[in-house]
Amino acid sequence: MTDWREKIGEPRPAVLDDSRNGNLTRIDSGHKESGGGLLLPPFVTAGMGIAEFCSQSIQTEWLVNRAIARSEELILGGPDKSLKTGILMDLCLSLASGTDFLDSDQFKVPKPVRTCFMTAESGTGTLISLARRILRARQLKVEEIGDNLIINRELPVICNDFHMLELEKYIKNKGIEV
């Protein structure tokens, strides 16, 4: 596998170019393939009073009941060797199969969704073993999940515009929901 530095060069700190281009601000991602940076609309604050804020009617679509909502950010963090990869693999298998997360009726998955698990963690053999153990413990068969779960061992460089565009195309082409 080629080292990512050989593909895109060493990262530089992101730089905000304060000169305005119409209504846009240029962000330099710091990579030679970035094509000159990313144009973003200006940041505009649009606060509201607490009464207006609380009067909003928001419907939450749950991916995992009362735990993980669709279109909301999710961060799983923890120290080394705290089972983060195993928890995420179980989550992805649950989402793809529509079965209870952590095999618990407290974390029901209302319906299966097309899921992608992207990781550079562990070796491929370790991930295969992990997936097989979870499948066996949950009495799931890979045939039941089919192509609803995609495992991807390549990670994009988040601050690289080209990588983000390719990731967006990949998500659309594969019909990935999570």
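Residues numbered from 1 in each chain as written. Predicted model: local features only at pLDDT ≥ 70, side-chain atom pairs only at ≥ 80, totals over all residues. Heavy atoms only, no water.

Our focus in this paragraph is the overall build of the protein. The secondary structure content of the protein amounts to six helices and seven strands. Ordering the α and β elements of the protein from the N terminus gives α-β-β-β-α-β-β-α-β-α-α-β-α. Classification of the 178 residues of the protein by burial places 28% in the buried group. Partitioning the contacts of the protein with sequence separation of at least 6, the portion at a separation of at least 24 is 54%. In the form shown here, the protein has an accessible surface area of approximately 12500 Å², with 55% of it arising from carbon and sulfur atoms. (Helix = DSSP H or I, 4+ residues; strand = E, 2+ residues; numbered from the N terminus. Buried < 20%, exposed > 50% of the residue type's maximum accessible area, 1.4 Å probe, protein only. Contact = heavy atoms within 4.5 Å. Areas by Shrake-Rupley, 256 points an atom, 1.4 Å probe, with all protein chains shown as cover.)

Before going further, it helps to examine unusual backbone geometry. For R66, which is not glycine, the phi torsion reads 60 degrees and is therefore positive. Position of R66 relative to the elements: it lies in the loop between β4 (62-64) and β5 (68-69). Look at L102: it is not a glycine, yet its phi comes out positive at around 55 degrees. As for its placement among the helices and strands, L102 is situated in the loop between α3 (84-97) and β6 (115-118).

A word on helix α6 (residues 161-174). Taking 1.5 Å of rise per residue, 14 residues should cover 20 Å, and α6 covers 20 Å from first to last C-alpha, within 8% of that figure. Every buried residue of α6 is accounted for by D161, H163 and L167. Taken end-on, α6 shows its buried residues confined to a sector of 160 degrees, consistent with a single buried face. Among the exposed residues of α6, those oriented more than 90 degrees off its buried face are L165, K172 and N173. A distance of 2.9 Å separates the backbone nitrogen of F162 from a side-chain oxygen at the start of α6, and that oxygen is part of N160. At the exit of α6 stands G175, carrying a positive phi of roughly 70 degrees. (Expected span 1.5 Å × (residues − 1). Arc of directions from axis to C-beta. Polar contact = N/O pair within 3.5 Å; in protein donor to acceptor, adjacent residues only side chain to side chain.)

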